[in-house]
Amino acid sequence: MTRDIRAEETPARIESTGFWLFKSEPGTYSIEDLAREGRTLWDGIRNYQARNFIRDTMRPGDRVLFYHSNADPPAIVGVARIIGSPVPDMTAFDRSNHGYDPKSRSENPTWFAIEIEFQSRLGDPVTLESMRSDPRFRGMLLLAKGQRLSIQPVIESHFRSALEVARHRD
DNA sequence: GCCAACGTTGGC
DNA sequence: GCCAACGTTGGC
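The rules behind these values
- In this numbering scheme, every chain counts its residues from 1 along its sequence in written order.
- Just so you know, chain letters begin at A and ligand numbers begin at 1, following the order they were written in.
- Residue-level local features of this predicted model are given only where pLDDT is at least 70; pairs of side-chain atoms are given and counted only at 80 or more, and the full residue set underlies all totals for whole chains, interfaces and linings.
- In computing side-chain properties, one takes all heavy atoms of the structure into account and sets aside hydrogens as well as water.
- Partly exposed describes any residue whose relative accessible area lies between the buried limit of under 20% and the exposed limit of over 50%, with all areas from a 1.4 Å probe on protein chains only and scaled to the type maximum.
- A run of H or I in DSSP counts as a helix once it spans at least four residues, and a run of E counts as a strand once it spans at least two, with each numbered from the N terminus.
- Comment: arc refers to directions from the helix axis out to C-beta atoms.
- Here, two residues are considered to be in contact whenever any of their heavy atoms come within 4.5 Å of each other.
- Side-chain atoms alone can form a polar contact between residues adjacent in sequence; in general such a contact is a pair of N or O atoms within 3.5 Å, and within protein one must be able to donate a hydrogen while the other accepts it.
- Strand pairing requires that DSSP identify at least two bridges connecting the strands.
- The angle between two axes is taken between their N-to-C directions and runs from 0 to 180 degrees, where each axis is a line fitted to C-alpha atoms and a helix contributes only its stretch in contact.

Chemist: Before we move on, can you summarise helix 2 (residues 48-57) with the specific residues and values?
Modeler: Each full turn of the α-helix corresponds to 3.6 residues, which orients residues three or four apart in the same direction. When we look at burial in helix 2, the residues that qualify are Ala50, Arg51, Phe53 and Ile54. Burial along helix 2 is one-sided: seen end-on, the buried residues are contained in an arc of 160°. For helix 2, the secondary structure elements touched by its buried residues are strand 1 (19-24), strand 4 (75-88), strand 5 (112-127) and strand 6 (151-153). Measuring from the side-chain oxygen of the N-cap residue of helix 2 to the backbone nitrogen of Gln49 gives 3.0 Å; that N-cap residue is Asn47.

Structure follows, in structure tokens:
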């Protein structure tokens, strides 16, 4: 009845399987801001679906495509990674904050934040337009009509394709 | 600046 | 629980 558990030992480094796309308006927080600061707490999220991704799904090491929305042109402009674990979003407790939410209590927070760390800027942004015309990005949530989720799961092939496109252009 | 699409709120 | 009104997102 003994089992050889050595075959199941966890590798020294656990491979991350998570890939995401974070939208940000460059006038509010740009990839340049993240590059300069190195890391930032991604707070202010007030959408339940995005909240669930932060609170329940993200893992340290997950990789993030950083997307400039409401930009000219709208494009993926960099890569980041998730670090740390979800934490209560303190801005929801702050009456003076635009994201103040009286129904979020410190003993049972409604909203959560997570820290991300800068990895790289893309030499060439991967524009929304170029993704629409490239079959490698078919099915990407970002391209779906009417979708406006600011934190989206991304499949690995779409993540890789974004890096390929950015690399091949420079 | 326009406006379609979407999420949330609140009266009933 | 319905749904109209409202606010927001984000491409164009």
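Chemist: So, the sheet that holds strand 4: which residues are in play, and what are the values?
Modeler: Pairing in this open sheet of 6 strands is mixed, and the strands run 2-5-4-3-1-6 from one edge to the other. Each end of this open sheet is capped by a strand with a single partner; those strands are strand 2 (39-42) and strand 6. Across the sheet, the mean angle separating the axes of adjacent strands is 35° when strand polarity is ignored. With 4 bridges joining them, strand 2 and strand 5 adopt antiparallel strand pairing. When the sheet's bridge partners are listed, Leu41 is paired in strand 5 with Glu115. Its contacts with the sheet place helix 2 against strand 1, strand 4, strand 5 and strand 6, and it is angled at close to 110° to strand 5.

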